[in-house]
Amino acid sequence: MTASELKKSILQMAVEGKLTEQNKNDEPAEKLLKRIKEEKEKLIKEGKIKKEKTVSEIYKKDGSYYERVSDGRNILKDVCLDEELPFDIPDSWVWCRIGSIGIIIRGNGIKRSDVVEYGFPCVRYGEIYTTYDISFEKAVSNIPEEIFKKSKHFSYGDVLMTLTGENKEDIAKAVVYLGNSEIAASGDLAFWTNHKMEPLFISYLMNSPYAIYCKSKLATGDIIVHISSSKLESILIPIPPIEEQRRIVEKINLLMPLINEYDELEKSITKLNKERKNKKRKNYKRNIQKRRLIL
């Protein structure tokens, strides 16, 4: 198993509830989800966010999962989800749509020519692929104050995802921001805010093989790949109790340095084997030339 495969395996185990032990004293994720929904309703009443056209509620009955979708007045559908769910989760976990947790906000255009050496921090969508990985605390790019003021801003704990990419496997790559200041988000970049969950857990979740598969299925295009915020909101995700989210993050953070060491060792061995092959090839050619000279 390669280091990359090992990393994917660990992230998949994490989202299935197989990486850490379950603790019966954990508050069930159902209560966490209830608080998140109450906070969202509060923001809607205060006029800070728009009311959703439809609301999804996933519940368990007789050992099966069901989804009830309503428009606030009428139930539009009430269907069994068992065939849609890819794996079993612990009893204290819940399934929900991303759109049920927090808000996904799209950034607005920041051109390459807008970037200056000194100014206010920003993240351009391409930097998610080239500069940031899993989490970051400080932006590498800056823009003038007048552009910053017109931009959409994200803050601590928000999870950034790309809406444009070069292939479906990398689309909507997720990176969580763990810094203190507000940062401007460019267009083709969305950030997931007000989720009330362990930020690093979400980043690991959205970079797991399961989430990558879901995102790639929803993406469109070949040469340039796109995904919309609404499609991201439709993805089903497993949610553990908040205490277990923290244990999962702690375990992954413990394992990742070891995987990185394994990766470096793997690269060194590959390089060494390549050098040996090249040396053998050169020696073989040299011997052939010597034989020709003798003949």
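Residues numbered from 1 in each chain as written. Predicted model: local features only at pLDDT ≥ 70, side-chain atom pairs only at ≥ 80, totals over all residues. Heavy atoms only, no water.

A.B. asks: Honestly, the overall build of the protein in this entry has me stumped. Any pointers?
C.D. replies: Secondary structure assignment for the protein yields eight helices and 16 strands. Principal axes of the C-alpha set define a box for the protein whose edges measure 95 × 55 × 35 Å. In the form shown here, the protein has an accessible surface area of approximately 17700 Å², with 50% of it arising from carbon and sulfur atoms. Measuring between centres, the 52 positive side-chain charges of the protein sit 8 Å from its 45 negative side-chain charges. (Helix = DSSP H or I, 4+ residues; strand = E, 2+ residues; numbered from the N terminus. Areas by Shrake-Rupley, 256 points an atom, 1.4 Å probe, with all protein chains shown as cover. Lys, Arg positive; Asp, Glu negative; His and termini not counted. Charge placed at Lys NZ, Arg CZ, Asp CG, Glu CD.)

A.B. asks: Sorry, what's going on with the sheet that holds strand β13 (residues 183–185) here?
C.D. replies: The strands making up a sheet associate through backbone hydrogen bonding, with each pair oriented either parallel or antiparallel. An order of β8-β6-β13-β9 is seen for the four strands of this open sheet, with the pairing classed as mixed. Lying at the two open borders of the sheet, with one neighbouring strand each, are β8 (141–143) and β9 (152–154). Direction aside, neighbouring strands of the sheet carry axes that sit 50 degrees apart on average. Where strand β6 (residues 120–123) lies against β13, two bridges are found, and the strand directions are parallel. Within β13, the residue paired with Val123 across the bridge is Ala185. (Pairing = 2+ DSSP bridges. Axes fitted to C-alpha atoms, helices over the stretch in contact; angles between N-to-C directions.)

A.B. asks: In this structure, what is going on with helix α2 (residues 29–45)? I would like to understand it.
C.D. replies: A turn of α-helix holds 3.6 residues, and therefore any two residues three or four places apart point the same way. Taking 1.5 Å as the rise per residue, α2 with 17 residues should run 24 Å; its terminal C-alpha atoms sit 25 Å apart, in good agreement. Within the sequence span of α2, burial applies to Ala29, Leu32, Leu33, Ile36, Lys40 and Leu43. Around the axis of α2, the buried residues are gathered within 100 degrees of arc, so they sit on the same side. Those residues of α2 that are exposed and angled more than 90 degrees off the buried face are Glu30, Lys34 and Lys45. (Expected span 1.5 Å × (residues − 1). Buried < 20%, exposed > 50% of the residue type's maximum accessible area, 1.4 Å probe, protein only. Arc of directions from axis to C-beta.)

A.B. asks: Looking at this structure, how should I read the packing of aromatic side chains?
C.D. replies: Remark: the centre distance and the inter-plane angle together describe each pair of aromatic rings, the angle taken between the planes. Across all of its chains, the model carries 10 aromatic pairs by this definition. Ring centres of Tyr59 and Tyr66 lie 5.7 Å apart, and the angle between their planes is 20 degrees; on these two criteria the pair is classed as stacked. A ring pair is formed by Phe154 and Tyr177, whose centres lie 5.3 Å apart and whose planes are at 85 degrees; its orientation type is edge-to-face. Of this pair, Phe154 sits in strand β9 while Tyr177 sits in strand β12 (residues 174–177), and the two are 23 residues apart along the sequence. There is no split in this pair, since Phe154 and Tyr177 are both buried. Members of the aromatic cluster, joined through ring pairs, are Tyr132, Phe136, Phe154, Tyr177 and Phe191. (Phe/Tyr/Trp six-rings, centres within 6.5 Å; stacked < 30°, edge-to-face > 60°.)

A.B. asks: Even after reading the chapter, I still don't get helix α1 (residues 3–15), so can you show me in this structure?
C.D. replies: Taking 1.5 Å of rise per residue, 13 residues should cover 18 Å, and α1 covers 19 Å from first to last C-alpha, within 8% of that figure. After α1 finishes, the residue Gly17 shows a positive phi value of roughly 80 degrees.

A.B. asks: For this particular structure, what's the right way to read the sheet that holds strand β7 (residues 134–136)?
C.D. replies: Taken in spatial order, the five strands line up as β5-β14-β10-β12-β7 in an open sheet, and their pairing is mixed. Both outer strands of the open sheet, β5 (103–106) and β7, are each paired with one neighbouring strand and no more. Across this sheet, the average inter-strand angle for adjacent strands is 30 degrees, counted without regard to direction.

A.B. asks: Would you explain unusual backbone geometry in this entry?
C.D. replies: Excluding glycine, residues mostly have negative phi values, and the peptide bonds linking residues are mostly trans. In the Ramachandran plot, Asp62 falls in the positive-phi region, its phi being about 55 degrees despite a non-glycine side chain. Relative to the helices and strands, Asp62 resides in the loop between β1 (55–61) and β2 (64–70). Residue Asp188 is not a glycine yet carries a positive backbone phi of 60 degrees. Structurally, Asp188 can be placed in the loop between β13 and β14 (189–193). Using a relative accessible area of 24% as the deciding quantity, one classes Asp188 as partly exposed.

A.B. asks: Teacher, can you tell me more about the side chain of Lys173 here?
C.D. replies: Assignment of secondary structure puts Lys173 in the loop between β11 (164–165) and β12. Here Lys173 is buried and forms no salt bridge, its nearest opposite-charge partner Asp133 lying at an N-O distance of 4.1 Å. Of the polar contacts made by the side chain of Lys173, one reaches the backbone oxygen of Tyr132; its length is 2.8 Å. Apart from residues no more than four positions distant in its own chain, Lys173 is found in contact with Ile128, Tyr129, Tyr132, Asp133, Leu160, Met161, Thr162, Asn207 and Lys215. (Salt bridge = Lys/Arg side-chain N within 4 Å of Asp/Glu carboxyl O. Polar contact = N/O pair within 3.5 Å; in protein donor to acceptor, adjacent residues only side chain to side chain. Contact = heavy atoms within 4.5 Å.)

A.B. asks: Please clarify how the environment of Ser234 should be interpreted in this entry.
C.D. replies: Secondary-structure assignment places Ser234 in the loop between α7 (229–233) and β16 (236–239). Considering only alpha carbons, one finds Ser234 and Tyr210, 24 residues apart in sequence, at a separation of 14 Å. Setting aside residues up to four positions removed in sequence, Ser234 forms contacts with Arg97 and Leu218.

A.B. asks: Hey, could you run me through the pairing of β6 in this one?
C.D. replies: One face of the sheet, then the other: side chains in a regular strand alternate in exactly this way. Inspection of the sheet shows β6 paired to β8 by three bridges, in the antiparallel sense. Residue pairing in the sheet places Phe120 in a bridge with Ile143 of β8.

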